[in-house]
Amino acid sequence: MLMRKVPGFVPASPWGLRLPQKFLFLLFLSGLVTLCFGALFLLPHSSRLKRLFLASRTQQPGLEVVAEIAGHAPAREQEPPPNPAPAAPAPGEDDLSSRVSPRRRKGGLRRTRPTGPREEATAARGNSIPASRPGDEGVPFRFDFNAFRSRLRHPVLGTRADESQEPQSRVRAQREKIKEMMQFAWQSYKRYAMGKNELRPLTKDGYEGNMFGGLSGATVIDSLDTLYLMELKEEFQEAKAWVEESFHLNVSGEASLFEVNIRYIGGLLSAFYLTGEEVFRIKAIRLGEKLLPAFNTPTGIPKGVVSFKSGSWGWATAGSSSILAEFGSLHLEFLHLTELSGNQVFAEKVRNIRKVLRKIEKPFGLYPNFLSPVSGNWVQHHVSVGGLGDSFYEYLIKSWLMSGKTDMEAKNMYYEALEAIETYLLNVSPGGLTYIAEWRGGILDHKMGHLACFSGGMIALGAEDAKEEKRAHYRELAAQITKTCHESYARSDTKLGPEAFWFNSGREAVATQLSESYYILRPEVVESYMYLWRQTHNPIYREWGWEVVLALEKYCRTEAGFSGIQDVYSSNPNHDNKQQSFFLAETLKYLYLLFSEDDLLSLEDWVFNTEAHPLPVNHSDSSSRAWGRY
């Protein structure tokens, strides 16, 4: 109104503004609104505001949405953990609960440093682990660690006599030697590479690699359960302290879904189930949430690589393919993530993988190694029980066992697949060696990879639950395949096996080119020795295992750790300067179990994931979170 009183001013509109002035005002106003709304999406931790305007995205939840469904905020390092479970016992210390249940082993691992105020506060809140059911916030359920331990049929660390009273024996000395090898490998890593992913023993430094998306300490987490079962208490506490203080999840690189799952998730889950230490459970769940974007594909078959960047959805692109052994080796860990978090999203993801695989047509009943996560079709017809395919089959039979033998779908898929493998891939060489070839569209490559040598143990493990008329056959088949893999070791100068070996041109169980002649501390052969020993108690498997120990000591041990070698057919091989984390997780663990009593991590109570991390069998009749739908 004031502007109307100015001499010579004639209003262009009832608002007192000329048209050009009105346009400029509206333009300024719209810019201001745009700036304000844009700021909402650029501010950190603005996902709650985003969901107000992007509600449709919640159908495929990312990390923060999944965390909201689970009834807790997104994982951040500063958040206090939920109520802890009590630490599990280890020999040498009082365990009051062992006086209640005779199946518990006495003792517990002591802390090597004072308990902090936050730890004391959480420890005081109770002996079980609360969480909220998805869709039912405010109604918590609890994971009762004591009840879980009471359901185990054997003490975790077995019932062998006190070693101070145990008479000296060759087996005990062998077991102690393997324990010393683990201690040396750990101490070398700690001295030269603590916190790095792996040790380089020749250059005495650490190696990060690019498989883990910025995550560190792969060797620490891979070693936790091995240190625990070998009762290396001081070393275990060192590893635990590093996880508590230095294992951070706020990384933003691209990681292998498979490797992070089997090494990190598997190692953390195993450490929790063995000890009850809450830090392991919390870290496992938070890391599991960071893997979920990989599943946001048209089929639900995850991509092989997941980006840890905030807001990255991990969509697969046309023409890309996922690998059978990778997306097929998530089931064990993801069911336990659901069991420990109450969040069904983990179990739903892996059940959907099963659903896709059940529906898709399989050539001659075989599972090719590559599948499109976009179309849900096989990309090519290459079938292998070694690399690219291996652990998919392993996880089928182990899912059946881990479910307490209720997962009939896994059982049927396993025996159907094994029958197809026998029909189309199994061969016997002119020299009488049984091997599993690779299949390329109907044409066989007459070779086995070192990775395929796990299959002897797998077939032995599954023999008991086969049809009665097939059980003896599968036990014999397991023994024959394991013998073939032993021959690949015995026919080398170092008595260690090559990465791959062939059956052609009169040569059997040997590599035919230098590019396949290396050994990188792999565990698959000694893994099968361990399973065959527990099935048969045939002393030949301990003899073969000891040959491996001697060869590792002679050719792979260096001044600062163990290293792979570049040519198993050379009596003076060059080292590859890498102490693989799986050497501590798998190779040394399986060797130690080979020379231990059967009730140390009894196969009645535990299954091993494909990184040899033990996960418990479901002995509960009332559990419905992870196994209730079978």
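Look above for the structure.
Residues numbered from 1 in each chain as written. Predicted model: local features only at pLDDT ≥ 70, side-chain atom pairs only at ≥ 80, totals over all residues. Heavy atoms only, no water.

1. Some details on the pattern of salt bridges
Working definition: two side chains of opposite charge can pair if their charged atoms are close together.
Part 1 of the argument: Summed over all chains, the structure comprises 26 salt bridges.
Part 2 of the argument: Between Glu 244 and Lys 240 there is a salt bridge, with the nearest N and O atoms lying 3.5 Å from each other. Taken together, the residues Glu 244 and Lys 240, both in helix H8 (residues 233–246) and four residues apart, mark about one turn of the helix.
Part 3 of the argument: Assessed through its relative accessible area of 24%, Glu 244 is described here as partly exposed.
Part 4 of the argument: Between Arg 491 and Glu 487 there is a salt bridge whose closest N-O contact spans 2.9 Å.
Part 5 of the argument: Overall, the relative accessible area of 19% leaves Glu 487 in the buried class. (Salt bridge = Lys/Arg side-chain N within 4 Å of Asp/Glu carboxyl O. Helix = DSSP H or I, 4+ residues; strand = E, 2+ residues; numbered from the N terminus. Buried < 20%, exposed > 50% of the residue type's maximum accessible area, 1.4 Å probe, protein only.)

2. Notes on the packing of aromatic side chains
Part 1 of the argument: A complete count under the given rule lists 30 aromatic pairs for this structure.
Part 2 of the argument: One aromatic cluster is present, formed by Phe 145, Phe 148, Phe 272, Tyr 273 and Trp 606 through successive ring pairs. (Phe/Tyr/Trp six-rings, centres within 6.5 Å; stacked < 30°, edge-to-face > 60°.)

3. Remarks on the packing of helix H12 (residues 331–341) against helix H13 (residues 345–359)
Part 1 of the argument: At a minimum axis separation of 7 Å, H12 and H13 run at an interaxial angle of 150°. As far as their axial angle goes, H13 and H12 are roughly antiparallel. Relative to H13, H12 is oriented so that their crossing is left-handed. Together, His 331, Phe 334, Leu 335, Leu 337, Thr 338 and Ser 341 of H12 and Phe 346, Ala 347, Val 350, Arg 351 and Arg 354 of H13 make up the contact between the two elements.
Part 2 of the argument: Here the residues of the contact of H12 with H13 sort into six nonpolar, three polar and two charged. (Axes fitted to C-alpha atoms, helices over the stretch in contact; angles between N-to-C directions. Parallel < 35°, antiparallel > 145°, perpendicular 65-115°, else oblique. Left-handed = near helix turned anticlockwise from the far one by under 90°. Contact = heavy atoms within 4.5 Å. Nonpolar A, V, L, I, M, F, W, Y, C, P; charged D, E, K, R; others polar.)

4. Examining the sheet that holds strand E14 (residues 443–445)
Part 1 of the argument: Here three strands make up an open sheet; going across it, the order is E10-E13-E14 and the pairing antiparallel. Each of the sheet's edge strands pairs with one partner strand only, and the pair in question is strand E10 (382–383) and E14.
Part 2 of the argument: As judged from the three bridges shared by strand E13 (residues 438–440) and E14, these two strands associate in the antiparallel manner. Counted as the bridge partner of Glu 438 is Asp 445 from E14. (Pairing = 2+ DSSP bridges.)

5. A short note on the state of the cysteines
Part 1 of the argument: Applying the stated criterion across every chain, the model contains one disulfide.
Part 2 of the argument: At a sulfur-sulfur separation of 2.1 Å, the disulfide partner of Cys 453 is Cys 485. Negative torsions about the S-S bond denote left-handed disulfides, and the value of about -95° found for Cys 453 with Cys 485 makes this one left-handed. Placement of Cys 453 in the loop between strand E15 (447–449) and helix H16 (455–463) and of Cys 485 in helix H17 (residues 468–490) is noted, with a sequence separation of 32 residues between them. Comparing Cys 453 with Cys 485 shows no difference in burial state: the two are buried. (Disulfide = S-S within 2.5 Å.)

6. Considering the pairing of strand E17 (residues 507–510)
Part 1 of the argument: As paired elements, strand E16 (residues 500–504) and E17 share three bridges and run antiparallel to each other. Bridge pairing in E17 links Phe 503 to Glu 508.
Part 2 of the argument: Where E16 hands over to E17, the hairpin turn is made up of two residues, of which Ser 505 adopts a positive phi near 50°.

7. Examining the pairing of E16
Part 1 of the argument: Of all the five residues making up E16, four are buried; the element is thus mostly covered by neighbouring parts of the structure.
Part 2 of the argument: Relative to E16, E15 runs antiparallel, the two being bridged by three bridges. The residue bridging Gly 449 from the neighbouring strand is Ala 500, located in E16.

8. A look at the nonpolar core
For soluble globular proteins, nonpolar side chains are generally found buried alongside one another.
Part 1 of the argument: In terms of nonpolar packing, the biggest core is built from 160 residues, with Leu 215, Val 243, Phe 247, Leu 496 and Leu 552 touching the most fellow members.
Part 2 of the argument: Leaving out residues up to four positions away in the same chain, Leu 215 has contacts with Asn 197, Phe 247, His 248, Leu 249, Val 251, Val 260, Tyr 264, Leu 287 and Phe 308. (Core = buried A, V, L, I, M, F, W, Y, C linked by side-chain atoms within 4.5 Å.)

9. Considering the sheet that holds E16
Part 1 of the argument: An order of E15-E16-E17 is seen for the three strands of this open sheet, with the pairing classed as antiparallel. Pairing within the sheet leaves two strands with one partner each, and these edge strands are E15 and E17. In this sheet, neighbouring strand axes are inclined to one another by 10° on average, regardless of whether the strands run parallel or antiparallel.
Part 2 of the argument: Contacting E15, E16 and E17, H17 runs over the sheet at an angle of about 105° to E16.

10. Side note on the packing of helix H9 (residues 257–275) against H12
Part 1 of the argument: It is at 10 Å that the axes of H9 and H12 come closest, and there the two elements cross at 45°. If you check the angle between H9 and H12, you find them oblique. Crossing of H9 over H12 shows left-handed handedness. Here Asn 261, Ile 262, Ile 265, Gly 266, Leu 269, Phe 272 and Tyr 273 of H9 come into contact with H12, specifically with Glu 333, Phe 334, His 336, Leu 337, Glu 339 and Leu 340.
Part 2 of the argument: Among the residues making up the contact of H9 with H12, the classes are represented as eight nonpolar, three polar and two charged.

11. Here we look at helix H10 (residues 278–291)
Part 1 of the argument: Under the 1.5 Å per step criterion, the end-to-end length of H10 is 21 Å for 14 residues, consistent within 8% with the ideal 20 Å.
Part 2 of the argument: Among the 14 residues of H10, 14 are classified as buried, and the element is accordingly described as predominantly covered. (Expected span 1.5 Å × (residues − 1).)

12. A few points about unusual backbone geometry
For residues that are not glycine, phi is negative in most cases, and the peptide bond is trans in most cases.
Part 1 of the argument: If you check the backbone angles, Lys 405 has positive phi at about 60° while not being a glycine.
Part 2 of the argument: Exposure remark for Lys 405: the relative accessible area of 35% places this residue in the partly exposed category.
Part 3 of the argument: The backbone of Leu 521 shows a phi angle near 70°, a positive value even though the residue is not glycine.
Part 4 of the argument: Mapped onto the elements of the fold, Leu 521 is located in the loop between E17 and helix H18 (524–536).

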